[in-house]
Amino acid sequence: MVDRSWPSEQVVAAARDGDTDSLTALVSGSHPHVRRFARSLCASPEDAEDAAQEALIILYRKIGTLRATGALATWMFRIVRNECIRRSRLMLQPREQLRDRLVLSAEDEVIRRLETGRVVAAIAALPTDQRRVLIMRDVQGCSGRMTADALGLSTAAMKSRLHRARAAVHQALTDPSEEGGAHV
């Protein structure tokens, strides 16, 4: 039987503290999950593989910045999501817009990351059926018919799940009891 769980918190903690064997185990143990996330988010298999590889490189380089060992899956989901979005935007942006994006102030970057983290946490908290519909429609930009067909749903069922997903994300982002969303 294949182990489908993420690496243990002990492995994450040891990797975070610089243990090379634990870091190797962490990267290899995370790879199937990262690849699966990327395939569900990216527009093409090539982009998914590239995004998964980039996410694992970020994991390797920045594991020391992960504050909560139990938040690995959320952290990696955010990295993969951001990489898939970055890749799709790169294909759509003229070179001038890319230059403008590179000169964001540090403050703008911090605010953007905080907001992205809140959105990712809200999406990650959705039930799987709603999350898939939301990602295909609002992140990947697939048509309603394409989304319904890919998920084996009627258009009405797809629209219903999308509406519930959007409402849940909106609620999570506007709920005053939330203190900035999930912190990793």
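So, how was this worked out
Residues numbered from 1 in each chain as written. Predicted model: local features only at pLDDT ≥ 70, side-chain atom pairs only at ≥ 80, totals over all residues. Heavy atoms only, no water. pLDDT = per-residue confidence, 0-100. Helix = DSSP H or I, 4+ residues; strand = E, 2+ residues; numbered from the N terminus. Contact = heavy atoms within 4.5 Å. 1 Å grid on protein atoms, 1.4 Å probe; cavity = no way out; pocket = protein on both sides within 12 Å on 5 of 7 lines; lining within 4 Å. Points joined across faces, edges and corners; volume = space filled by probe spheres on them. Nonpolar A, V, L, I, M, F, W, Y, C, P; charged D, E, K, R; others polar. Phe/Tyr/Trp six-rings, centres within 6.5 Å; stacked < 30°, edge-to-face > 60°. Buried < 20%, exposed > 50% of the residue type's maximum accessible area, 1.4 Å probe, protein only. Core = buried A, V, L, I, M, F, W, Y, C linked by side-chain atoms within 4.5 Å. Expected span 1.5 Å × (residues − 1). Arc of directions from axis to C-beta. Lys, Arg positive; Asp, Glu negative; His and termini not counted. Salt bridge = Lys/Arg side-chain N within 4 Å of Asp/Glu carboxyl O. Polar contact = N/O pair within 3.5 Å; in protein donor to acceptor, adjacent residues only side chain to side chain.

Draft legend 1. Representation of the confidence of the model for the protein chain within the structure. Mean pLDDT for the protein chain: 80, with 80% of residues reaching 70 or above. Per-element confidence in the protein chain is highest for helix H9 (residues 155–174), whose mean pLDDT is 92, and lowest for helix H5 (residues 95–102), whose mean pLDDT is 58. Low pLDDT, under 50, characterises residues 179–184; the stretch is placed with 10 contacts to residues that sit more than four places away or in other chains.

Draft legend 2. Inspection of the layout of surface pockets at higher detail. There is about 370 Å³ of room inside the second largest pocket. When residues of the lining of the second largest pocket are traced back to their parent elements, those giving at least two are helix H2 (20–41), helix H4 (72–92) and helix H7 (128–139). By residue class, the composition of the lining of the second largest pocket is 6 nonpolar, 4 polar and 3 charged.

Draft legend 3. Inspection of the packing of aromatic side chains at higher detail. What the rule picks out here adds up to 2 aromatic pairs. Between the aromatic rings of Trp6 and Phe37, the centroid separation amounts to 6.1 Å while the plane-to-plane angle is 35°, which identifies the pairing as tilted. Of this pair, Trp6 sits in the segment before helix H1 (9–16) while Phe37 is found in helix H2, placing the two residues 31 residues apart along the sequence. Relative to Phe77, the ring of Phe37 has its centre 5.0 Å away and its plane inclined at 75°; by these criteria the two rings are edge-to-face. One end of the pair, Phe37, is in helix H2; the other, Phe77, is in helix H4, with 40 residues separating them in the sequence. Overall, Phe37 belongs to the partly exposed group, its relative accessible area being 23%. Judged by its relative accessible area of 5%, Phe77 is buried. By way of ring pairs, the aromatic residues Trp6, Phe37 and Phe77 are connected into one cluster.

Draft legend 4. Inspection of the nonpolar core at higher detail. Ranked by internal contacts, the top residues of the largest apolar core, which has 37 residues, are Leu26, Leu59, Ile63, Leu72, Trp75 and Met76. Looking at this core, the elements that each hand over two or more residues are H1, H2, helix H3 (45–62), H4, helix H6 (106–124), H7 and H9. With 7 residues, H4 is the single largest residue contributor to this core. Those residues in contact with Leu26 that lie beyond four places of it in its chain are Pro7, Val11, Val12, Ala15, Leu59, Ile63 and Leu72.

Draft legend 5. Highlighting H9. Here H9 contains 20 residues, and its C-alpha end-to-end distance of 28 Å stays within 8% of the 28 Å for a straight helix at 1.5 Å per residue. Every buried residue belonging to H9 is among Met158, Leu162, Ala165 and Val169, and all of these are buried. For H9, the angular spread of buried residues about the axis comes to 65°, placing them on one side. Residues of H9 that are exposed and point over 90 degrees away from its buried face: Ala156, Lys159, His163 and His170.

Draft legend 6. View of the side chain of His31. Counting through the fold element by element, His31 comes out in helix H2. When its relative accessible area of 18% is taken as the criterion, His31 is described as buried. Sequence-distant contacts of His31, that is, excluding residues within four places in its chain, are made with Glu49, Gln53 and Leu56.

Draft legend 7. Representation of the side chain of Arg81 in the model. With respect to the helices and strands, Arg81 occurs in helix H4. Although Arg81 lies buried, it forms no salt bridge, and the closest oppositely charged side chain, Asp138, sits 9.7 Å away as judged by the N-O distance. Engagement of the side chain of Arg81 in a polar contact is seen with the side chain of Asn82, the distance being 3.2 Å. Those residues in contact with Arg81 that sit more than four places away from it in its chain are Leu41, Thr116, Val119, Val120 and Ile123.

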